[in-house]
Amino acid sequence: MQILVAEDDSVIADGLCRVLTAQGMTVQVVDNGATADLLLQRADTPEVVVLDIGLPGLDGFEVVRRLRARGGRVPVLLLTARDAVADRVRGLETGADDYLVKPFASAELVARVRALARRHGAPPALLAMGDLTLDCATRRARVRDRVIELSVREWTVLEYLLQHGARVVSKQQIIDAILPWGDDLTLNAVEVYVSRLRLKIADAGVAIRTIRGFGYMLEPVAHDAP
Ligand code: CA
């Protein structure tokens, strides 16, 4: 896996490089935003970018902004200073995928880089259970041949449940899937999305079962059950 690290603090950059290389990743380190911007314009773009916000020349925000403006889809993990909430919000709004607050644990860095690479890698084109099918490429949900209209959040909840097959997921996990950055969304809101989904997929041969005090799971149901 190719990783581009843009970090001007040489101690942090060395640490990042060591940790990621130890995981078998190939790491290229640059110490300014302009070089990162140039490298991201080449055809052989990295699989994940670890990007410090406070870079000389072009800052991290500008690097992400330019990347996304060109249509570049490389996942970006921003490195931010502690308590810089406004920076994180701005970074995510600009098009970064995730952030890590300095100082961070090596294990967390590795986990996040891997998660971004996974999310970016080819997702399954179709998720299905019973008569319900989600086409992740066109973002279209169907019950047999009938297309069902879902809001973005309803889609995200249903996709998350389907990705977990018949495993139980907590309401908090669903909130994190809808808003990966910890914005506030109440558990009640999740219940509302789930009840709307239940109506929309009522005849899909799939039920969203409530696991009391915890969350939900999908399970197939027989059509002609008594
Ligand atoms: Ca810096």
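Placed above this text is the structure.
Quick notes on the rules
- Each chain has its residues counted from 1, running along the sequence as written.
- Given that the model is predicted, a residue must reach a pLDDT of at least 70 before its local features are reported, and side-chain atom pairs must reach 80 or more before they are shown or counted; all residues, however, enter totals for whole chains, interfaces and linings.
- As a rule here, side-chain values cover all heavy atoms of the structure and leave hydrogens and water aside.
- Any N, O or S atom lying within 2.8 Å of the metal counts as a donor, with the limit raised to 3.2 Å for Na, K and Ca; because water is left out of the atom set, some sites can appear incomplete.
- The classification of residues rests on relative accessible area computed with a 1.4 Å probe and restricted to protein chains. Under 20% of the type maximum is buried, over 50% is exposed, and intermediate values are partly exposed.
- Numbering of helices and strands starts at the N terminus; helices are DSSP runs of H or I of at least 4 residues and strands are runs of E of at least 2.
- How far a helix is expected to stretch is found by multiplying one less than its residue total by 1.5 Å.
- To obtain the arc, one takes the directions from the helix axis to the C-beta atoms.
- Contacts between residues were defined by any pair of non-hydrogen atoms, one from each residue, lying within 4.5 Å.
- Within 3.5 Å is the distance limit for a polar contact, defined as a pair of N or O atoms, with the added protein rule that one can donate a hydrogen and the other accept it, and that residues adjacent in sequence qualify only through two side-chain atoms.
- The convention used is that axes are lines fitted to C-alpha atoms, helices contributing only their stretch in contact, and that angles between N-to-C directions extend from 0 to 180 degrees.
- In a left-handed crossing the near helix is turned counterclockwise from the far helix by less than a right angle, and in a right-handed crossing that turn is clockwise.
- Between any two strands, pairing holds if DSSP finds at least two bridges.
- Each patch is built from salt-bridge-free residues with over 30% relative accessible area, joining like charges within 9 Å and nonpolar side chains (Val, Leu, Ile, Met, Phe, Trp, Tyr) within 5 Å.
- Here, Shrake-Rupley sampling with a 1.4 Å probe gives the accessible areas, and only protein chains in the shown set may cover a residue.
- What makes a salt bridge here is a side-chain nitrogen of Lys or Arg within 4 Å of a carboxyl oxygen of Asp or Glu, nothing more.
- Under the convention used here, Asp and Glu are negative, Lys and Arg are positive, and both His and the chain ends fall outside the count.
- The location of each charge is read from NZ of Lys, CZ of Arg, CG of Asp or CD of Glu.

Trainee: Sorry if this is basic, but what is going on with the coordination of the calcium ion here?
Mentor: Geometry reference: four tetrahedral donors at a metal, ideal angle 109.5 degrees. Six octahedral donors, ideal angles 90 or 180 degrees. Binding of the calcium ion to the protein goes through Asp8 (OD), Asp52 (OD) and Gly54 (O), at separations of 2.1 to 2.3 Å. One chain supplies every donor for the calcium ion, spaced along it as D-x43-D-x1-G. Looking at Gly54, the relative accessible area reads 47%, which means it is partly exposed.

Trainee: Would you explain helix H1 (residues 10-22) in this entry?
Mentor: Here H1 is 13 residues long and its end C-alpha atoms lie 18 Å apart, about the 18 Å a rise of 1.5 Å per residue gives. Turning to H1, its buried residues are Ala13, Gly15, Leu16, Val19 and Leu20. For H1, the angular spread of buried residues about the axis comes to 160 degrees, placing them on one side. Of the exposed residues in H1, those oriented more than 90 degrees away from the buried face are Val11, Arg18 and Ala22. Tucked into the core, H1 has its buried residues touching strand S1 (2-6), strand S2 (26-30), strand S3 (48-52), strand S4 (76-80) and helix H5 (106-120). Its side-chain oxygen 2.9 Å from the backbone nitrogen of Val11, Asp9 forms the N-cap of H1. Just downstream of H1, Gly24 is the residue with a positive phi angle, here 85 degrees.

Trainee: Any chance you could explain the packing of H1 against H5 here in plain terms?
Mentor: Packing of H1 against H5 leaves a shortest axis separation of 10 Å and a crossing angle of 65 degrees. At the point where H1 passes H5, the crossing takes the right-handed sense. Side by side, H1 and H5 meet where Leu16, Val19 and Leu20 of the first sit next to Ser106, Leu109, Val110 and Val113 of the second.

Trainee: What is the right way to look at the sheet that holds strand S8 (residues 140-143) in this model?
Mentor: Reading across from one edge, S6-S7-S8-S9 is the order of the 4 strands in this open sheet, with antiparallel pairing throughout. Taken across any chain shown, the strands that pair with only one partner, and hence form the sheet edges, are strand S6 (126-129) and strand S9 (146-148). Between one strand and the next, the sheet's axes are offset by a mean angle of 25 degrees, whatever the strand orientation. Across 3 bridges, the pairing between S8 and S9 is antiparallel. Bridged to Arg142 within S9 is Val147. Across the sheet, helix H6 (residues 152-163) is in contact with S6, strand S7 (132-135) and S8; its angle to S7 comes to roughly 110 degrees.

Trainee: Explanation requested: the sheet that holds strand S11 (residues 206-211) in the structure shown.
Mentor: Two pairing modes exist for strands in a sheet, parallel and antiparallel, and in both the strands are linked by backbone hydrogen bonds. Taking strand neighbours across the sheet as the criterion, the 3 strands line up as S10-S12-S11 in an open arrangement whose pairing is antiparallel. Across the chains shown, the open sheet's two edge strands, defined by having one partner strand only, are strand S10 (169-170) and S11. The pairing of S11 with strand S12 (residues 215-220) spans 6 bridges and is classified as antiparallel. Paired with Ala207 across the strands is Glu219, a residue of S12. Against the sheet, H6 engages S10, S11 and S12, with an angle of about 65 degrees to S12. Sitting on the sheet, helix H8 (residues 187-200) is in contact with S11 and S12, with an inclination near 150 degrees to S11.

Trainee: Please clarify how a negative patch on the surface should be interpreted in this entry.
Mentor: On the surface, Asp8, Asp9, Asp14 and Asp31 cluster together into a patch of negative charge. Residue position: Asp14 is located in helix H1.

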